[in-house]
Amino acid sequence: AGVRIGDSGIKEGLNGVDNGRIWFDQVRIPRLHLLDRFGKVSSEGVYSSPIESPARRFFTMIGTLVGGRITIGLSALSAAKGALTIAIRYGNRRAQFGPDGGNVTKLLDYRTHQRRLLPALASSIVLDIALSRLVDRFEALHDGGGHEGESREVEGLAAGLKAYTSWMAQQAVTEARECCGGQGYLAVNRIAVIRGDIDVWTTFEGDNTVLMQLLAKGLLTGYKQEFAEMGGVIRLLTRRARAALKAMNPVSARRDDEEHLRDPIQQLDLLRYREERLLDSAARRLRAGLKTDPLTAMQEVQDHLMHLATAHVERVAHEAVQEQVERAAPSLRPLLALVRDTFWASAVERDIGWFLMNGVVETPKAKAIRYLVNNCIQEMRPIAEEITQAFAIPDQVLAAPIAFDALPTKHG
């Protein structure tokens, strides 16, 4: 009595999952039925917990939420892998007729097709590596290792990687659908179904925009704590100055040869400088605004915080893939380096306006980065389908006719 339930109705996707509502009207919950596994309040109002360490207790309490966000990121990544595998296979089989007497050109030979699919393919691999490393850190914390600062760092990174990955996957699936033309819209070819199911991933376990701000606020907290520590100001300013000297070196800003652009050390320097510069400027803006109107100050820097969180995720992802390059067997290193270079060049190209405005990159180098994207995807094109095979998606699961057979007719 006093309890009602109801279904939420048909959704855009995931209709195999039940979503509903529950109403309580004058319902009393006995104390024995409270959700108090990790913290109890007695009838006398005394709090107690079986976990003595406040840091471990905090992480245990939010562990399910953090684990859920990691899982959503991995699930979104799986959807992207499936859609990209279908679209790349289709593009490698479907051809357009050329001029009379000319050659038949496969869709994946077109630069625009490569631009739409292959950077996403590289990102899927890089983010897979970054998420796997995060899973290892999460498991170590769950087993009792680490400290409060590390647990908060894992919480923030889980939020950021979930948001970044699900946004990337959503875009990749949409591009995959469009790259398959009308065939991609047919339910039998699965991409349209994947797109309907994946859309909610951007709001599952927290809205992505909110999660990115959560990550950025965590970075600001760490920044503040560094200043509060003894000698923290000197260490922090020294590190910032060193990063600025490396990233803003006039020679480095002008260099546009591929050897320089494919150097993982200079790649990381550029990403790290952007992140630290955004963190510094966000902290200054907030410090000035908090003195007068804290609420307005936070609202006015939200776009800045989103940029900061994105920069952080991309820097962490680059570090993860570079670590994998160094640990990999010699036969795999060239492929992983190509994936790393594609991810880095695509990320910098998307944000090239910031790098130009801040004098870190000059115009010739900006053009060279765009050319590097093209060169990387040209190198990836002959082995793109082979790379998707590494995802090990069984044909029975892939189950899209266009992934196995495509007639050489006009694309549409």
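This text goes with the structure placed above it.
In what follows, the accompanying structure is described.

Procedures and definitions
Residues numbered from 1 in each chain as written. Predicted model: local features only at pLDDT ≥ 70, side-chain atom pairs only at ≥ 80, totals over all residues. Heavy atoms only, no water. Helix = DSSP H or I, 4+ residues; strand = E, 2+ residues; numbered from the N terminus. Buried < 20%, exposed > 50% of the residue type's maximum accessible area, 1.4 Å probe, protein only. Contact = heavy atoms within 4.5 Å. Areas by Shrake-Rupley, 256 points an atom, 1.4 Å probe, with all protein chains shown as cover. Expected span 1.5 Å × (residues − 1). Polar contact = N/O pair within 3.5 Å; in protein donor to acceptor, adjacent residues only side chain to side chain. Patch = residues over 30% accessible without salt bridge, like charges linked within 9 Å, V, L, I, M, F, W, Y side chains within 5 Å. Salt bridge = Lys/Arg side-chain N within 4 Å of Asp/Glu carboxyl O. Lys, Arg positive; Asp, Glu negative; His and termini not counted. Charge placed at Lys NZ, Arg CZ, Asp CG, Glu CD. Core = buried A, V, L, I, M, F, W, Y, C linked by side-chain atoms within 4.5 Å. Pairing = 2+ DSSP bridges. Phe/Tyr/Trp six-rings, centres within 6.5 Å; stacked < 30°, edge-to-face > 60°.

A few words now on the overall build of the protein chain. Regarding its fold elements, the protein chain presents 16 helices and six strands. When the 412 residues of the protein chain are sorted by exposure, 45% land in the buried category. Across the protein chain, every contact between residues at least 6 apart in sequence was considered, and the portion connecting residues at least 24 apart equals 72%. Accessible surface computed for the protein chain: about 21600 Å², of which carbon and sulfur atoms make up 56%.

This next bit is on helix α9 (residues 264–290). Its 27 residues place the ends of α9 38 Å apart at the C-alpha level, agreeing with the 39 Å of an ideal helix rising 1.5 Å per residue. Where α9 starts, the residue carrying a side-chain oxygen 3.0 Å from the main-chain nitrogen of I265 turns out to be D263.

This part covers the side chain of N374. Tracing the backbone through its elements, the reader meets N374 in helix α14 (residues 363–380). Residue classification places N374 among the buried positions, given a relative accessible area of 13%. Non-local contacts of N374, meaning those with residues more than four positions away in its chain, are made with R111 and R115.

With that settled, the discussion passes to a positive patch on the surface. Taken together, R277, R284, R287 and K291 make up a surface patch of like positive charges. Along the polypeptide, R277 turns up in helix α9.

If you look at the biggest cluster of nonpolar residues, it comprises 105 residues, and the most contacted ones within it are I88, L117, L118, L121, L161, W344 and V348. Those residues within four positions of L161 in sequence are excluded, and the remaining contacts are L127, A130, L131, L134 and V313.

Among the five residues that make up strand β1 (residues 3–7), zero are buried, leaving the element largely open to the surroundings. Pairing analysis gives five bridges linking β1 to strand β2 (residues 20–24), with the strands arranged antiparallel. For G6, the partnering residue across the bridge sits in β2 and is R21.

Let us look at the packing of aromatic side chains. Under the counting rule described, the total for this entry stands at three aromatic pairs. Each ring, one from W201 and one from F204, has its centre 5.3 Å from the other, and the planes form 50°; the classification is tilted. F204 sits in the partly exposed class, given a relative accessible area of 28%. Ring geometry for Y273 versus W354: centroids 6.3 Å apart, planes at 55°, classification tilted. In this pair, Y273 is assigned in helix α9 and W354 in helix α13 (residues 352–357), connecting sequence segments 81 residues apart. By the burial criterion, Y273 is buried, and W354 matches it.

This structure, assessed with the given rule, holds 22 salt bridges. Residue R93 pairs with E385 through a salt bridge whose shortest N-O separation is 3.0 Å. Pair noted here: R93 is in the loop between α1 (54–91) and β5 (95–96) and E385 is in helix α15 (residues 384–389), with a separation of 292 residues, a long-range link. Assessed through its relative accessible area of 29%, R93 is described here as partly exposed. In this structure, E258 and R262 form a salt bridge, with 2.7 Å as the shortest nitrogen-oxygen distance. Looking at E258, the relative accessible area reads 31%, which means it is partly exposed. Overlapping salt bridges, with partners in common, bring together E258, R262, R340, D341 and E379 in one network.

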